[in-house]
Amino acid sequence: MLAQETLTPRQAPVCQWCGRELPEQQGRGRKRKYCSASCKQRAYEQRHNLESTGIPADSVVLRPERVDELRDEVYELKCAAEDVRTAAAEGADAQELRHLCDELVAIANRIEKLR
C-alpha cells in the first residue's frame, strides 16, 4: 500500500525587500521581485552601500534588535514543536493535535517573513 502524499499549497512570492506578498503576475516577462518602486529603490540603495564592504549583495542585513527578536521567535517555534511532540506521546486526539500544528505553522509563517 502506498503512503498518501500530502501536497502543500504553493507559497505566494514575496517582495525581496519588505516581505509583503506580491500580487499574482499576469502575462509574460520577468517575475517581479519587489512590490513597489520604493522597495526596489531601497534594495538598490542597500546593494550600492554594500559594494565596498565585501558583504555579498544577496546578504540579509538585520539590526541587532531584530536578531534578538528572531532568536526569541525561533525559541517559540521550538517550544510549539515540543508541545506537539508531547501531546502526541500522551495520546492527544486529532483535533487537539491539529490545533497545535496550526499554531506551529502560524509561528513558522511569521518567522519566515524576515523583514
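Residues numbered from 1 in each chain as written. Predicted model: local features only at pLDDT ≥ 70, side-chain atom pairs only at ≥ 80, totals over all residues. Heavy atoms only, no water.

### Section: the pattern of salt bridges
Going through the model one piece at a time under the given rule, you end up with six salt bridges. Arg 71 is the partner of Asp 68 in a salt bridge, and the nearest nitrogen-oxygen pair spans 3.5 Å. Of the two residues, Asp 68 and Arg 71 both sit in helix H2 (residues 64-89), three residues apart, roughly one turn of that helix. With a relative accessible area of 42%, Asp 68 lands in the partly exposed category. Where Glu 76 meets Arg 110, a salt bridge forms, and the shortest distance between an N and an O atom there is 2.7 Å. You can see Glu 76 sitting in helix H2 and its partner Arg 110 sitting in helix H3 (residues 94-112), a full 34 residues away along the chain. When its relative accessible area of 38% is taken as the criterion, Arg 110 is described as partly exposed. Look at the salt bridges and you will find they share partners, linking Arg 66, Glu 69 and Glu 73 into a network. (Salt bridge = Lys/Arg side-chain N within 4 Å of Asp/Glu carboxyl O. Helix = DSSP H or I, 4+ residues; strand = E, 2+ residues; numbered from the N terminus. Buried < 20%, exposed > 50% of the residue type's maximum accessible area, 1.4 Å probe, protein only.)

### Here we look at the confidence of the model for the protein chain
Per-residue confidence for the protein chain gives a mean pLDDT of 84; residues scoring 70 or more make up 88%. Mean pLDDT per element in the protein chain: helix H1 (residues 37-50) is the minimum at 87, and H2 is the maximum at 94. Within the model, the stretch residues 1-8 combines pLDDT values under 50 with zero contacts to residues more than four positions away or in other chains. (pLDDT = per-residue confidence, 0-100. Contact = heavy atoms within 4.5 Å.)

### Re the nonpolar core
Cys 15, Cys 18, Leu 22, Tyr 34, Cys 35, Cys 39 and Ala 43 form the largest nonpolar core, which has seven residues in total. Leave out the neighbours within four places in its chain, and Cys 35 touches Cys 15, Cys 18, Arg 20 and Leu 22. (Core = buried A, V, L, I, M, F, W, Y, C linked by side-chain atoms within 4.5 Å.)

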